[in-house]
Amino acid sequence: MSSEPTPTTTPSATPAPVRFTRVARLLHWTMAVMVVAILFIGAFMVTSVGDFRFLVTVHEPLGIAILLFVLVRIGWRLTHTPPPLPPGMVRLDRLAAKYSERLLYALLLVQPLIGWAMVSASGEPIVLFGSLYLPHIAPQNITLFADLLRAHIAAAYLLYLTFAAHLAGVLVHTIVIRDRVLDRMAFWRAPGYGSEAPPR
Amino acid sequence: MPLNRRTVLLGLAAVGGVSAVNVGAFLGAGGWFTPDTLTTSRFVDRFEQVFGKHDGFRRNHAKGVSAAGVFTSNGAGTALSRAALFQRGTTPVTARFSISGGMPTVADANSTVRGLAVLFHLPDGAQWRTAMVNVPVFTDRVPQGFYERLLATQPVPGTGKPDPAKVAAFLAKYPETARAMAVISKSPPSSGLYNSPFHGLNAFRFTNSAGDTVPVRWTMMPEEPSQPMGAGAAPGKDYLFDALVAKVMQGPVHWRFLITVGEPGDPTNDATTAWPANRRQVEVGTLTIDSLQTEAPGNARDVNFDPTVLPDGIALSDDPLLAARSAVYAQSYQRRTREPHRPSEVQVGQQPSGPRITKVDHEQ
């Protein structure tokens, strides 16, 4: 990254672009790592004869951590205005950005709850870090377990596809259209992106 | 920078490439490109290949009956493990008697391996699940051996017996199984499920309140006298379970819970090998089975007896079978819970009305 000082304000026809708040960016990148990790752990876990049990002990606390993070994040999102999308973004992309954001928030909230309820319905204890027992949030019932298992698998694929589309969309904007949409979420110095979005 | 056709196409190709790597890695994690790797699904497929697919039933130990009772601890186990189970007192249990194999209506036979699975309901939602068998050592040391043995010992349609050539090739590849079978043949099965011993076989680690950890194995030793099978009239199809039901109707049946403490150097990763006979044994209490139930919603039918569900004070050893059992049992559970259910072969008739010690759904 460049160590040059932030360019002084240069006269410009368009208003100075703004970034997401530092907190929003921190939440985004922390959760990005956690969500990609848990998706890949989940895919590998269900196939692995040797590592299934160990990976379950990673998957469960990671899922609960994502649930806690997304609650904070939704709270932050509702009380802070995100920076505007780049000018010149077409209507279809604006709609995609808006609804994919909502879909991601919904999935990140619902999927850990489905998983938690699913293990509850199996009757198995949910133990974090060896000794912290979570309460069961669903009655023990294998029909319910089966339905929640189907839902957990479906939501996992949907979450993965939404993430893959999100990544591809950002890459198209960054390296094809070059409208610097990614800079809004960046921690690195990006010329012209000094300020944060103001609190609502 | 100007957007011309060339840069756009290059950019799109780069995005496509990144996305392809992304999706490929995800599918790769799911085993799509490694058809020769033994995945959990392929392991469970092998049971279905050998025994047939029977909707709603466990892929192994498919035939069984639910049981309930109590474990009464004498307090001696607290020297070995801080698990609440070993405090002097009683713990409700959900249990299941079974015979091995994936066919839920198979006829009972003396030589078929018998199982006793127990779920101890500890305070505060903690659980200990263990699934034991009546043979003194296990037939397989590694999961791959178990997987290959299923096919190698599958009865051939013509003779009803395994193909000797396949068995010989298997035993040459897995000599530990040949040694284990020799040990097993020296301890013939008892006359019934009610007077069978049941052995944990896999090693675990117990840690007491002082933080001392020891390797252990365990056995449920029957209090009913163990007598060998007599040569009597031709037994009925479910004679092992029928005798168990008759016995429990007369009154509770008991097993003494024995913990065997390993010494340094005793293998903890080889269930085919018994520890030396002089190892210290601690009797920690008595398992009492006082009622049996036809498999039904809410009882042991719906429990996955995953031996890696352990309370604080008990931990896994380096035995590779334990991780595999957890994975394969979970896959079996995930399949059978999504399938339609049919009535179980073993039907328990009217029992004398007594206090139900526990039922599964009292967990929160």
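Conventions and cut-offs
Residues numbered from 1 in each chain as written. Chains lettered and ligands numbered in written order. Predicted model: local features only at pLDDT ≥ 70, side-chain atom pairs only at ≥ 80, totals over all residues. UniProt positions renumbered as here; feature names shortened; annotations may be inferred. Helix = DSSP H or I, 4+ residues; strand = E, 2+ residues; numbered from the N terminus. Contact = placed C-beta atoms within 7 Å. Nonpolar A, V, L, I, M, F, W, Y, C, P; charged D, E, K, R; others polar. Expected span 1.5 Å × (residues − 1). Domains from an automatic or database assignment. Axes fitted to C-alpha atoms, helices over the stretch in contact; angles between N-to-C directions. Parallel < 35°, antiparallel > 145°, perpendicular 65-115°, else oblique. Left-handed = near helix turned anticlockwise from the far one by under 90°. Core = buried A, V, L, I, M, F, W, Y, C linked by C-beta atoms within 7 Å. Buried ≥ 20, exposed ≤ 12 C-beta atoms within 10 Å, placed from the backbone.

- As recorded in an unreviewed UniProt entry, chain A goes by Cytochrome b and comes from Pseudonocardia xinjiangensis.
- A UniProt comment under Subcellular location (unreviewed entry) is attached to chain A, and it reads "Cell membrane".
- What UniProt records for chain A under Sequence similarities (unreviewed entry) is the sentence "Belongs to the cytochrome b561 family."

### Considerations on the overall build of chain A
- A count of helices and strands for chain A gives 4 helices and 2 strands.
- Sequence separation of at least 24 residues holds for 73% of the intrachain contacts in chain A that already meet a minimum separation of 6.

### A short note on the UniProt feature "transmembrane region" (unreviewed entry) in chain A
Residues and elements named next belong to chain A.
- In this numbering, the UniProt entry assigns the feature "transmembrane region" (unreviewed entry) to residues 26-46, 52-72, 103-134 and 154-177.
- This span, residues 26-46, is 95% helix and 0% strand, and a straight line between its end C-alpha atoms measures 30 Å.
- Structurally, residues 52-72 is divided into 100% helix and 0% strand, and its ends, taken at the C-alpha atoms, are 30 Å apart.

### What about the interface of chain A and chain B?
- Taken residue by residue, the interface counts 35 residues in chain A and 44 residues in chain B.
- At the level of secondary structure, the elements contributing two or more residues to the side of chain A that touches chain B comprise helix 1 (22-45), helix 2 (52-79) and helix 4 (142-177) of chain A.
- With 12 residues, helix 4 of chain A is the largest single contributor of residues to the side of chain A that touches chain B.
- Considering only residue class, the side of chain A that touches chain B consists of 22 nonpolar, 9 polar and 4 charged.

### Quick look at helix 3 (residues 91-122) of chain A
- Taking 1.5 Å as the rise per residue, helix 3 of chain A with 32 residues should run 46 Å; its terminal C-alpha atoms sit 46 Å apart, in good agreement.
- Taken from the residues just after helix 3 of chain A, Gly123 of chain A is the one with a positive phi, measuring 90°.

### Here's the deal with the UniProt feature "domain: Cytochrome b561 bacterial/Ni-hydrogenase" (unreviewed entry) in chain A
- When the UniProt feature table is mapped onto this chain, "domain: Cytochrome b561 bacterial/Ni-hydrogenase" (unreviewed entry) is found at residues 19-186 of chain A.
- The span residues 19-186 of chain A is 71% helical and 4% strand by assignment, and the distance between its end C-alpha atoms comes to 8 Å.

### Let's talk about the domain arrangement of chain B
- Domain boundaries in chain B define domain 1 (1-34) and domain 2 (38-350).
- Its C-alpha centre places domain 1 of chain B at a distance of 49 Å from the equivalent point of domain 2 of chain B.

### Structural notes on the packing of helix 3 of chain A against helix 4 of chain A
All names here are of chain A.
- Closest axis-to-axis distance for the helix 3/helix 4 pair is 8 Å, and the angle between their directions is 150°. When the interaxial angle is binned, helix 3 and helix 4 end up roughly antiparallel. The chirality of how helix 3 crosses helix 4 is left-handed.

### Re the nonpolar core
Residue and element names in this part refer to chain B.
- In terms of nonpolar packing, the biggest core is built from 84 residues, with Ala67, Val93, Ala95, Leu116, Val118, Leu244 and Leu287 touching the most fellow members.
- Looking at this core, the element that brings in the most residues is helix 7 (residues 320-337), giving 9 residues.
- When sequence neighbours within four positions are dropped, the list of residues in contact with Leu287 reads Gly69, Phe71, Val93, Val118, Met220, His254, Trp255 and Phe257.

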